[in-house]
Amino acid sequence: MGVFMVIIGLFSIVLCICTAVLRWNEMRYRKKGLPPGTMGWPVFGETTEFLKQGPNFMKNQRARYGSFFKSHILGCPTVISMDPELNRYILMNEAKGLVPGYPLSMLDILGKCNIAAVHGSTHKQMRGALLALISPTMIRQQQLPKIDEFMRAFLCNWDNKVINIQDKTKEMAFLSSLKQIASAESSSVAKEFMPEFFKLVLGTLSLPIDLPGTNYRGGFQARKNILKILGQLIEQRRESEEYHKDMLGYLMKNDDSNRHKLSDDEIIDQIITILYSGYETVSTTSMMAVKYLHDHPTVLEELRKEHMGIRARKKADEPIDWNDLKSMRFTRAVIFETSRLATIVNGVLRKTTQEMELNGFVIPKGWRIYVYTREINYDPFLYPDPLAFSPWRWMDKGLESQSYFLIFGGGTRQCPGKELGIAEISTFLHYFVTRYRWEEVGGEKLMKFPRVEAPNGLHIRVSSN
């Protein structure tokens, strides 16, 4: 009995301490003018609930506090906006006291010079350098031929095999980007580079806790290894004095007096950014497109009809060209509908550079603002029957230009690689649906938050057409 009372007493003390700590942390942020909401534990805040509950956490907080509320997630005091009009205002007004607000782990691992981290004139220069690499002219003349050559080889010999399409699309997205960046050396560095890159990606979505065994430590170490690989590659190219017609060759070029000269650190961070942004969106959208097409035979039939029509106009081994890509209207619709329904990107982060007023509330300097766009994708007023996979809704080009269309970001931060990513996914789908049929094996579970993934893989049995 005495031991039981001691346990009860200790439990009561711990409960009181926890309650006191939570109350103290709430009091710290109870400043006049702040939005309503809860802040959770010191340091950790409500990160655990946010990552575990995902969209339900957001819905519950909105039910209690409205579409604009405060929290503490991913190591930062954060205001979350779920209001479509306010979200658009935030994205369109970066210069007015708002800059990118990505988590510390992402900034540390992607590099301080990456385009997502810089702002103002530096962002304009970096974005200009990046856009020059992926302009329509560059895609038509240089990137599309490389993408086509890679996809034809990558999608060979899948007949009569059970494959994990999640692993395959990750590999595809990374290797396709690497070939565009460093075409001559991509095969020789891929084996060493790819596992380090996958560790880097895991580290960007972790708490910045630098301890052995954490994803953050693994991601940061992977960055160091990647810096060494890319540094050696740049040095080898300088020694050879040979000009390469690829992204790295363009970034290293010094003969354009009107272009901002990039340092080696800026070049490396640009390369990491190109690989990172393309990898996550291209791989996941491709995997989910395969999943949705399998589940919706009518859509697959329409898509295959479009691509078989393109192949019918060509010789057996003739690559697809710019005109073919532009003619893939239904394919583009499938990509947009996949991105909308799967919600590949849940939102974007901004940070205040000064105390500012938003929506009638005062947001302190240094706070993050999470522009949460997920719910817009399922708004029945914007997308009738929002849970249905219906690419036909995108055949009206006007939908793509609407103000609430934030699948690829918005404002000055709209994804600069949007068209290149669409070209990669379209080419992958072209060769996949014209060569193969497939069926799912195992019925594996899909997770859609904080990122879209199949924890045990997504296995399909492939057969030739």
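Residues numbered from 1 in each chain as written. Predicted model: local features only at pLDDT ≥ 70, side-chain atom pairs only at ≥ 80, totals over all residues. Heavy atoms only, no water.

1. Quick look at the overall build of the protein
The number of helices and strands found in the protein is 16 helices and 10 strands. Here the protein, with 465 residues, has 53% of them falling under the buried criterion. Relative to all contacts within the protein whose residues are 6 or more apart in sequence, the contacts with residues 24 or more apart total 70%. Put simply, the protein shows about 21900 Å² of open surface, and 55% of that area lies on carbon and sulfur atoms. (Helix = DSSP H or I, 4+ residues; strand = E, 2+ residues; numbered from the N terminus. Buried < 20%, exposed > 50% of the residue type's maximum accessible area, 1.4 Å probe, protein only. Contact = heavy atoms within 4.5 Å. Areas by Shrake-Rupley, 256 points an atom, 1.4 Å probe, with all protein chains shown as cover.)

2. Points about the packing of helix H7 (residues 136-154) against helix H16 (residues 418-435)
It is at 10 Å that the axes of H7 and H16 come closest, and there the two elements cross at 35°. Like other packed secondary-structure pairs, H7 and H16 cross with a definite hand, here right-handed. Taken together, the residues of H16 that come into contact with H7 (itself represented by Ile139, Gln143, Leu144, Ile147, Asp148, Met151 and Arg152) are Glu419, Leu420, Ala423, Glu424, Thr427, Phe428, Tyr431 and Arg435. Grouping the amino acids of the contact of H7 with H16 by side-chain chemistry returns eight nonpolar, two polar and five charged. (Axes fitted to C-alpha atoms, helices over the stretch in contact; angles between N-to-C directions. Left-handed = near helix turned anticlockwise from the far one by under 90°. Nonpolar A, V, L, I, M, F, W, Y, C, P; charged D, E, K, R; others polar.)

3. Points about the sheet that holds strand S2 (residues 76-81)
Pairing in this open sheet of five strands is mixed, and the strands run S1-S2-S8-S5-S3 from one edge to the other. Only two strands of the sheet have a single partner each, and these edge strands are strand S1 (68-73) and strand S3 (98-100). Strand-to-strand twist of the sheet, defined as the mean angle between neighbouring strand axes without regard to direction, takes the value 35°. Together, S1, S2 and strand S8 (368-372) form the strand contacts of helix H3 (residues 55-65), whose direction differs from that of S1 by roughly 135°. Against the sheet, helix H4 (residues 84-92) touches S1, S2, S3, strand S5 (347-352) and S8, its axis set at about 125° to S8. (Pairing = 2+ DSSP bridges.)

4. So, the nonpolar core
Core analysis: the biggest nonpolar cluster contains 99 residues, and Trp158, Phe193 and Phe428 have the highest contact counts within it. No other element matches the 15 residues that helix H12 (residues 264-295) contributes to this core. Contact partners of tryptophan 158, with chain neighbours within four places excluded, come to Ile163, Ile165, Lys168, Phe428, Phe432, Tyr436 and Val462. Residues Phe68, Leu86, Ile90 and Val348 belong to the second largest nonpolar core, which totals 15 residues. (Core = buried A, V, L, I, M, F, W, Y, C linked by side-chain atoms within 4.5 Å.)

5. Re the sheet that holds strand S9 (residues 436-441)
The strand order across the open sheet built from three strands is S4-S10-S9, with neighbouring strands paired in antiparallel fashion. A strand with exactly one partner marks an edge of an open sheet, and here the two such strands are strand S4 (161-164) and S9. Each strand axis lies, on average, 35° off the axis of its neighbour in the sheet, ignoring direction. In terms of strand pairing, S4 meets strand S10 (residues 459-464) through four bridges, oriented antiparallel. The residue of S10 that forms the bridge with valine 162 is arginine 461.

These figures capture arrangement, not role.
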